[in-house]
Amino acid sequence: MKKSILKSIKMSMFTLVIMLLTIITVNADGTTNLTINNIQTDNKANSYSYKIYVEGLSGAVRYSIDGKEGYAVFDAKGNATITVNSNSTITLYEVPINKNYTVEQATQKTGYKVLVNNEETTKANGATSPTTSVSFTNKSIDESTPAKEEKQEKNPVTADPIVIAVVALVIAVAGFIALKNLKVRRYE
């Protein structure tokens, strides 16, 4: 039972890993937030560096990595590098909208292949807009080969529902007989 629960949790986590997206939202001042998800399909602790270029962006830009805030420094050409741990999320705030961007995973780990939007590459290019999405998945090469299916344990059938039904029936019959034999005194 514990194995099947753990397998279900692992499958749910894997599904979340596959569904990673970079989401950009438009702010009232014409800027947007750029979110980069770093996903790794196993539980090994790795760190990854991302080279980020955004046209027209320079100076300190507020960011958060898994909710912890800081500032990334973009040079005069719009370049910055941010390093994160595996399975982390980076959100850059107040990025200019409708500008060209490139996000490149600069760190290549042995034993992994990098997929960006389901293509084997390390770069994502485009223009910042509310509908931009980028997927960075660091897939373990070991996971590329089909795994053996685990023999699932059968859930044993127990008599609990039957016993409960019989006990409930006996109580109902006993209650009916008791009510039928109950003599009510009438005072005249």
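Cut-offs and rules
Residue positions are given per chain, counting from 1 as you read along its sequence in written order. Given that the model is predicted, a residue must reach a pLDDT of at least 70 before its local features are reported, and side-chain atom pairs must reach 80 or more before they are shown or counted; all residues, however, enter totals for whole chains, interfaces and linings. The side-chain values count all of the structure's non-hydrogen atoms but skip hydrogen atoms and water molecules. Secondary structure is summarised from DSSP: a helix means a run of H or I of at least four residues, a strand means a run of E of at least two, and numbering begins at the N terminus for each. Note on classification: 1.4 Å probe, protein chains only; a residue is buried when its accessible area is under 20% of the maximum for its type, exposed when over 50%, partly exposed between these limits. Contacts are assigned to residue pairs that have any heavy atoms within 4.5 Å of one another. In short, Shrake-Rupley with a 1.4 Å probe defines the accessible areas, and a residue's cover is counted only from the protein chains shown. What makes a nonpolar core is a set of buried Ala, Val, Leu, Ile, Met, Phe, Trp, Tyr and Cys residues whose side-chain atoms join them at distances within 4.5 Å. One bridge is not enough; two strands pair if DSSP finds at least two bridges between them. A fitted line through C-alpha atoms serves as each axis, taken over the contacting stretch for helices, and the angle formed by two N-to-C directions is quoted from 0 to 180°.

S.K.: Would you mind going over the overall build of the protein in detail, with residue names and values included?
M.R.: Counting its regular elements, the protein contains 2 helices and 12 strands. From first element to last, N terminus to C terminus, the protein shows the α and β order α-β-β-β-β-β-β-β-β-β-β-β-β-α. The burial tally for the protein puts 32% of its 188 residues in the buried class. In the protein, 66% of the contacts between residues at least 6 apart in sequence involve partners at least 24 apart. Carbon and sulfur atoms make up 57% of the accessible area of the protein, which amounts to about 13,200 Å² in all.

S.K.: Please set out the environment of glycine 59 residue by residue, giving values where relevant.
M.R.: As for its position among the elements, glycine 59 is in strand β4 (residues 59-65). For glycine 59 and phenylalanine 74, which are 15 residues apart along the polypeptide, the C-alpha to C-alpha distance reads 5.0 Å. Ignoring sequence-local partners within four residues, the contact set of glycine 59 consists of Ala72, Val73 and Phe74.

S.K.: Residue-level account of the nonpolar core, with values.
M.R.: Counting residues in each nonpolar core, the largest one holds 25 residues, and the members touching the most others are Ile36, Tyr50, Ile52, Phe74, Ile82, Leu92 and Phe136. If you list the elements that add at least two residues to this core, you get β2 (31-40), β3 (47-54), β4, β5 (68-74), β6 (79-85), β7 (88-96), β8 (100-105) and β9 (112-116). Here the element with the most residues in this core is β3; it accounts for 4 residues.

S.K.: Residues and numbers for the sheet that holds β6, please.
M.R.: Reading across the sheet, the 4 strands line up as β6-β3-β8-β11 and stay open at both edges, with antiparallel pairing between neighbours. Edge positions in the sheet fall to β6 and β11 (123-127), since each of these pairs with one other strand and no more. Direction aside, the axes of adjacent strands within the sheet are offset by 20° on average.

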